[in-house]
Amino acid sequence: MAERVLVTGATGFIGQHIPPLLQARGLEVHATARSALPEHQGIIAHGVDLLREDEAQRLVKDIRPAIIIHSAWYVAHGRFWTAPENTDWLEASTALAAYAAEAGTRRFVGLGTCAEYATEAGDDALPWPETRRIAPATPYGEAKAALAQRLAEMAAARARFGFAWARLFHLFGPGENPARLVPSIMIALREGREARCASGRPVRDFISTQRCAAALAALATSNVEGPVNIASGAPISIAAMARLIAEIAGRPYLLRLGALADRPNEPAYMVAHTGRLRREVGFSAPVSLAAELRGLQLRL
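Residues numbered from 1 in each chain as written. Predicted model: local features only at pLDDT ≥ 70, side-chain atom pairs only at ≥ 80, totals over all residues. Heavy atoms only, no water.

Asks: Whenever I open this one, the sheet that holds strand β4 (residues 67-70) confuses me. Can you help?
Replies: Sheet strands line up and pair through hydrogen bonds in the backbone, either parallel or antiparallel. Across the sheet, which stays open at both edges, the 7 strands sit in the order β3-β2-β1-β4-β5-β6-β11 with parallel pairing between neighbours. The open sheet is flanked by β3 (44-47) and β11 (226-230), the only strands paired with a single partner. Each neighbouring strand pair of the sheet contributes to a mean axis angle of 20°, computed without reference to strand direction. With respect to the sheet, helix α2 (residues 53-63) is in contact with β1 (4-8), β2 (28-33) and β3, its orientation differing from that of β1 by roughly 160°. The sheet contacts of helix α3 (residues 85-103) involve β1, β4 and β5 (107-113), and relative to β4 the element is tilted by about 175°. (Pairing = 2+ DSSP bridges. Helix = DSSP H or I, 4+ residues; strand = E, 2+ residues; numbered from the N terminus. Axes fitted to C-alpha atoms, helices over the stretch in contact; angles between N-to-C directions. Contact = heavy atoms within 4.5 Å.)

See below:
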């Protein structure tokens, strides 16, 4: 009999891509969201509000999943960094994990963020390993870091309950808020408008949501415990990313780097060390960033 896996937030930016990948690995896939779920043959959909503990408890008790990938969270663009909903999701996620442990779930995979890490002065151009100091600067990062700590404590107290914590770096992909970097440039250029950006000097680590989902599926079906960076491991400046998008669009003359002010206190370098992902999880799927951006441009 195939193991059961539950994916929460299955209509989300990342979550929408995960269920078919797990199904392809031979798992019995259950997917939840508060809104209507897209139709996928063989994937069992559940309409559930995880902020209601009674619904979350009943869901886990009924399904009794062996694995949970918890991708549900509050991520409204421009608000999630400081939103009070982060506390609500911290408590709801903690309760979900506790119900899962009681129901016999053997593995809980949570989605964290590179915003959990400290931004240290003087370490520019050094990849960030999972052992980097945790010192989040936002309520979003604080809530995610707190959940990771709670899951670690649960796993330490229960012999048959393990967890992995996926720290995601900089995502782009279908369904992204149009105000975010990649779609904002693509849309402006497609419409023949200037794409106005800041200087673009900071260096980042971009990964598509499809590739991120593939890494999460690999992590969920592995035996790797604890934090794992989910990223490309390839540094690229925001300016270089913007120029690549403009070149793909055939309108580099409309890109205006430096037209907007840089954000204050912006970290100069945020790039993952991906050794655990490659060596321990066994996930290494090199993809051309240009090819992924071309594919996304066609879908906007």
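Asks: Sorry if this is basic, but what is going on with the packing of aromatic side chains here?
Replies: Here the distance between the centres and the angle between the planes together describe a pair of aromatic rings. For the structure on display, the rule yields 8 aromatic pairs. Across the ring face of tryptophan 128, the terminal group of arginine 132 is positioned such that the distance to the ring centre comes to 3.9 Å. (Phe/Tyr/Trp six-rings, centres within 6.5 Å; stacked < 30°, edge-to-face > 60°. Lys NZ or Arg CZ within 6 Å of the ring centre and 35° of its normal.)

Asks: Is there a simple way to explain the pattern of salt bridges in this structure?
Replies: Any two side chains of opposite charge can pair, on the condition that their charged atoms come close. The full count for this structure, using the stated rule, is 15 salt bridges. The partner of arginine 106 in a salt bridge is glutamate 3, with the nearest N and O atoms 2.9 Å apart. With arginine 106 in the loop between α3 and β5 and glutamate 3 in the segment before β1, this residue pair connects regions lying 103 residues apart in the sequence. Overall, glutamate 3 belongs to the partly exposed group, its relative accessible area being 32%. The shortest N-O distance in the salt bridge between arginine 167 and glutamate 116 comes to 3.1 Å. Residue arginine 167 is located in strand β6 (residues 162-168), and its partner glutamate 116 is located in the loop between β5 and α4 (139-157); the two are separated by 51 residues in the primary sequence. According to the relative accessible area criterion, glutamate 116 is buried, its value standing at 0%. (Salt bridge = Lys/Arg side-chain N within 4 Å of Asp/Glu carboxyl O. Buried < 20%, exposed > 50% of the residue type's maximum accessible area, 1.4 Å probe, protein only.)

Asks: Just to check I follow, could you spell out the nonpolar core for this structure?
Replies: If you look at soluble globular proteins, the nonpolar side chains tend to sit buried side by side. Counting residues in each nonpolar core, the largest one holds 36 residues, and the members touching the most others are Leu22, Leu168, Leu216 and Ile230. Looking at this core, the element that brings in the most residues is helix α6 (residues 209-220), giving 8 residues. Residues contacting leucine 216, with those up to four places away along its chain left out, are Ile14, Ile18, Ile69, Leu111, Ala166, Leu168 and Ile230. With 35 residues, the next largest nonpolar core counts Val48, Ala95, Ala97 and Tyr99 among its residues. (Core = buried A, V, L, I, M, F, W, Y, C linked by side-chain atoms within 4.5 Å.)

Asks: What exactly am I supposed to notice about the pairing of β5 here?
Replies: Strand residues, when the strand is regular, have side chains that alternate between the two faces of the sheet. Buried residues dominate β5, accounting for 7 of its 7 residues. Burial of the side chains of β5 extends over both faces: Arg107, Val109, Leu111 and Thr113 are buried on one face and Phe108, Gly110 and Gly112 on the other. Direction of pairing for β4 relative to β5: parallel, over a ladder of 4 bridges. By the bridge assignment, isoleucine 69 is partnered in β5 with valine 109. Taken together, β4, α3 and β5 form a β-α-β motif whose crossover is right-handed. Both β5 and β6 contribute to a ladder of 7 bridges, which runs parallel. Paired with glycine 112 across the bridge in β6 is arginine 167. (Right-handed = clockwise from strand over helix to strand, strands pointing away.)

Asks: Would you explain α6 in this entry?
Replies: Given 3.6 residues per helical turn, the α-helix brings residues three or four places apart onto the same face. Relative to the 16 Å expected for 12 residues at 1.5 Å per residue, α6 spans 16 Å between its end C-alpha atoms, a close match to the ideal helical length. Most of α6 sits out of view: 10 of its 12 residues are buried. For α6, the complete set of buried residues consists of Thr209, Arg211, Cys212, Ala213, Ala215, Leu216, Ala217, Ala218, Leu219 and Ala220. (Expected span 1.5 Å × (residues − 1).)

Asks: What should I look at first to understand α3 in this one?
Replies: If you check α3, its first and last C-alpha atoms are 27 Å apart, about what 19 residues at 1.5 Å a residue would give, namely 27 Å. Among the 19 residues in α3, 14 count as buried, and that is most of the element. Directly after α3, the chain includes glycine 104, whose backbone phi takes a positive value near 95°.

Asks: So what exactly am I meant to see when it comes to the environment of tyrosine 74 here?
Replies: Here tyrosine 74 lies in the loop between β4 and α3. With a relative accessible area of 17%, tyrosine 74 lands in the buried category. Along the primary structure tyrosine 74 and threonine 119 are separated by 45 residues, whereas in three dimensions their C-alpha atoms are 23 Å apart. Once residues lying within four places of it in the same chain are set aside, the contact partners of tyrosine 74 are Arg79, Phe80, Ala83, Glu85 and Trp89. A polar atom in the side chain of tyrosine 74 sits 2.2 Å from the side chain of arginine 79. (Polar contact = N/O pair within 3.5 Å; in protein donor to acceptor, adjacent residues only side chain to side chain.)

Asks: What is the right way to look at the side chain of serine 232 in this model?
Replies: For serine 232, the position within the fold is in the loop between β11 and β12 (236-237). A distance of 2.6 Å separates the side chain of serine 232 from the side chain of aspartate 205, its partner in a polar contact. Among the polar contacts listed, one links the side chain of serine 232 to the backbone oxygen of phenylalanine 206, at a separation of 3.2 Å. Apart from residues no more than four positions distant in its own chain, serine 232 is found in contact with Asp205, Phe206, Ile207, Arg211 and Thr274.

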